[in-house]
Amino acid sequence: MKIFALLDCNNFYASCERVFEPRLLSRPVVVLSNNDGCIIARSNEAKALGIKMGEPVFMCQHILDKHQVVKRSANFALYGDLSDRVMNVISEILGIPAVEVYSIDEAFLELGDSRFSSPAELNYLARDIQFQVERQVGIPVSIGIARTKVLAKVANKIAKTNRLGVFSLYSSQDLIEENLRIDSVLASFPVGDIWGVGYRYAKTLTANGIHTALDLKRANHAWIREKLKIHGARLQSELANMPCLELASPEDKLRKSISCSRSFGDRVSELSTLETALANFTASAAAKLRSQKLSTRELRVFLSSMERYDTLSTRLFQASSSSSVLIGLAHDLLHKIYQANYRYKKAGVIFSDLVLSDSLQLSFLKSPDTAALPEIHTLKKQQTISELVDQLNSKIGVNTISWAATLDTKDQSANSAERWRASKNHCSPAYTTDWRSLPNIS
Amino acid sequence: MFVNKPSKKRTSGFPSPAEDFAGASLDLNQRLVPRPASTFLMRVSSVQYKHLGINKEDILIIDRSLLPRPGKTIVTIVDGAMRLLLLGSHHRLNLQTDFWGVVTYVIRKL
């Protein structure tokens, strides 16, 4: 029988900030969301001060000031790079097929098999993985072990609170004995903390007297099936130590959509300003597409004001990741939905129906809308230009080259594109992804 | 950090006798960064490491998967700041709090 583990990086963003700034190791650290609005990560010291996850900064400003809490703006270039490194270290130990990267800071692992490895051996292996990740990348992690993914997730929550950071619900070759021990853990585990039980399900369940994971496991199967459908049946089975979920393969996880949007600091009603903003969002989302070797076949633009929400999408005749093509389309859509008498508070662009660029077939058919279709060689050229821009920006530095449409025509300063990026007043350098930002040894 | 291969020219006439040996050009990453997951780069901004053969503006390649051994130059943490140290057998080092990584190579523009 397979044994799963869930590895979770402790306070990941806050821990990333500490890797290159060791002086933060004993200090309370919080990481702020886009625009420095909310708390999105807290070191243990910051949690102990009572700062809540997701809390707006102005609500806890007094605590931040009083305890001289270190604030950092989210630095996703850094977090993404360190995440890749964590996943690579695990993959080197267990092999790539045994690792499912679940999120930026979590991975499901196939740790071993109960036929070949005792609970003690797998505990030891988990401790080794934990040591290697912390030693090699500098990120502390917790690992929960069990025979099912749902129970591994439960075990991980418990691992976070114990001293070792490793906790196993795979405790015996004797399943009856093991299940008794699992039940004693589930009895004090809130149903809303179970992986896959969202806010809405938790409300339904607690309203019907199901408060703990053990209650859910023992609840009437037919009733659960009726209320939570197949999803609930799976949860009950997994909680009962009977696995029905496997590791997801990378193909399953191809991203469904990529988007970029932002709320404006001041309301915007001018078309030219919206054009500039959308060009920036589109260029940034297109760079994201290209970095994942993806192209999009559908582009959607939305605008929202106090009174209304307008959105419009278009299918691309030819899947594309070219900034210039996509900015052009975004502007066309914007012109169709824009109305002069509204003051817009948010705008954005969404690419959906993504395909791998490698598998992209150039179409030789003419679009019905022939005028709008660039020649094949132009398409290829635009793709190459976008890639060149990415290369220059990654070699020389962000915004070395930007698309003309992303610059504000009234604001001639080189940084006018900055206006549409999130404000980041406390950002650490991109230590591992920008030659100009390498950590300093003095 | 790549030594780029010159683009392969397909000859229209006599096939190149070197074709069978293609793919043998040198990759600096392979040599200098055998373990990319645990390798980091840092820049030196001080002149105080001349005695270690390390100058201001040098870029250091640091591998965190290696253990600190006497004779190795390491990145160490002193009062929360990163410093270089040539590790001697007399040094007492707390792996968890004092040690960051082992310097493996120095890159310097001449």
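These numbers were taken from a predicted model, which means no experiment stands behind them. (Residues numbered from 1 in each chain as written. Chains lettered and ligands numbered in written order. Predicted model: local features only at pLDDT ≥ 70, side-chain atom pairs only at ≥ 80, totals over all residues. Heavy atoms only, no water.)

A. Up close: the nonpolar core. With 51 residues, the main nonpolar core has A:Ile139, B:Leu84 and B:Trp100 as its most contacted residues. At 7 residues, helix H4 (residues 76–94) of chain A tops the list of elements feeding residues into this core. Each residue touching A:Ile139, except ones within four places of it in the same chain, is listed here: A:Cys9, A:Phe12, A:Ser15, A:Cys16, A:Val19, A:Leu82, A:Val86, A:Val133 and A:Glu134. With 32 residues, the next largest nonpolar core counts A:Val185, A:Leu205, A:Leu235 and A:Leu247 among its residues. (Core = buried A, V, L, I, M, F, W, Y, C linked by side-chain atoms within 4.5 Å. Buried < 20%, exposed > 50% of the residue type's maximum accessible area, 1.4 Å probe, protein only. Helix = DSSP H or I, 4+ residues; strand = E, 2+ residues; numbered from the N terminus. Contact = heavy atoms within 4.5 Å.)

B. Expanded view of the pattern of salt bridges. All names here are of chain A. One pass over the full model with this rule turns up 21 salt bridges over all chains. Where Lys160 meets Asp8, a salt bridge forms, and the shortest distance between an N and an O atom there is 3.4 Å. Linking Lys160 in helix H6 (residues 149–161) with Asp8 in strand S1 (residues 2–9), this pair joins segments that are 152 residues apart in sequence. What makes Asp8 buried here is its relative accessible area of 11%. Here Glu106 ties to Lys153 by a salt bridge, and the two come within 2.4 Å at their closest N and O atoms. On the criterion of sequence distance, the pair formed by Glu106 in strand S6 (residues 106–113) and Lys153 in helix H6 is long-range, its members being 47 residues apart. (Salt bridge = Lys/Arg side-chain N within 4 Å of Asp/Glu carboxyl O.)

C. Examining the packing of aromatic side chains more closely. Residues and elements named next belong to chain A. Inspection of every chain in the model, using the stated rule, returns 14 aromatic pairs over all chains. Plain terms: the ring middles of Tyr102 and Trp195 are 5.6 Å apart, the flat faces sit at 85° to each other, and that makes the pair edge-to-face. Here Trp195 lies in the loop between helix H7 (175–186) and helix H8 (199–207) and Tyr102 lies in strand S5 (residues 99–103), a separation of 93 residues in the sequence. Grouped by ring-pair contacts, the aromatic residues Phe12, Tyr13, Phe76 and Tyr79 constitute a single cluster. The ring of Phe108 has Lys149 lying over it, and the distance from NZ or CZ to the ring centre is 4.6 Å. (Phe/Tyr/Trp six-rings, centres within 6.5 Å; stacked < 30°, edge-to-face > 60°. Lys NZ or Arg CZ within 6 Å of the ring centre and 35° of its normal.)

D. Molecular detail of the environment of A:Lys2. Residues and elements named next belong to chain A. Note on placement: Lys2 falls in strand S1. Along the chain, Lys2 and Glu246 lie 244 residues apart, while their C-alpha atoms are 9.5 Å from each other. One polar contact links Lys2 to Glu246, side chain to side chain, over a distance of 2.7 Å. (Polar contact = N/O pair within 3.5 Å; in protein donor to acceptor, adjacent residues only side chain to side chain.)

E. Structural context of the interface of chain A and chain B. Contacts between chain A and chain B engage 21 residues on the former and 27 residues on the latter. When chain A packs against chain B, close to 2200 Å² is buried across both sides, 59% of that on carbon and sulfur atoms. When the buried area of chain A at its contact with chain B is split by residue, A:Arg135, A:Ile441 and A:Ser442 rank highest and sum to 34% of it. Across the chain A-chain B interface, the total number found is 0 salt bridges. Our count for the contact surface shared by chain A and chain B stands at 16 residue pairs in polar contact (both at pLDDT 80 or more). Only H4, helix H5 (119–137) and strand S13 (440–441) of chain A provide two or more residues apiece to the side of chain A that touches chain B. Here the residues of the side of chain A that touches chain B are counted per class, giving 10 nonpolar, 6 polar and 5 charged. Judged from the 2 bridges that link them, S13(A) and strand S1 (residues 39–44) of chain B form a sheet pairing that is parallel. (Buried area = accessible area lost by both parts, 1.4 Å probe. Nonpolar A, V, L, I, M, F, W, Y, C, P; charged D, E, K, R; others polar. Pairing = 2+ DSSP bridges.)

F. Spatial organisation of the pairing of S1(B). All names here are of chain B. Judged by how many residues are buried, S1 sits mostly within the fold: 5 of 6 residues are covered. For S1 and strand S2 (residues 59–63), the ladder comprises 5 bridges, and the chain directions are antiparallel. Across the sheet, residue Phe40 finds its bridge partner in S2, namely Ile62.

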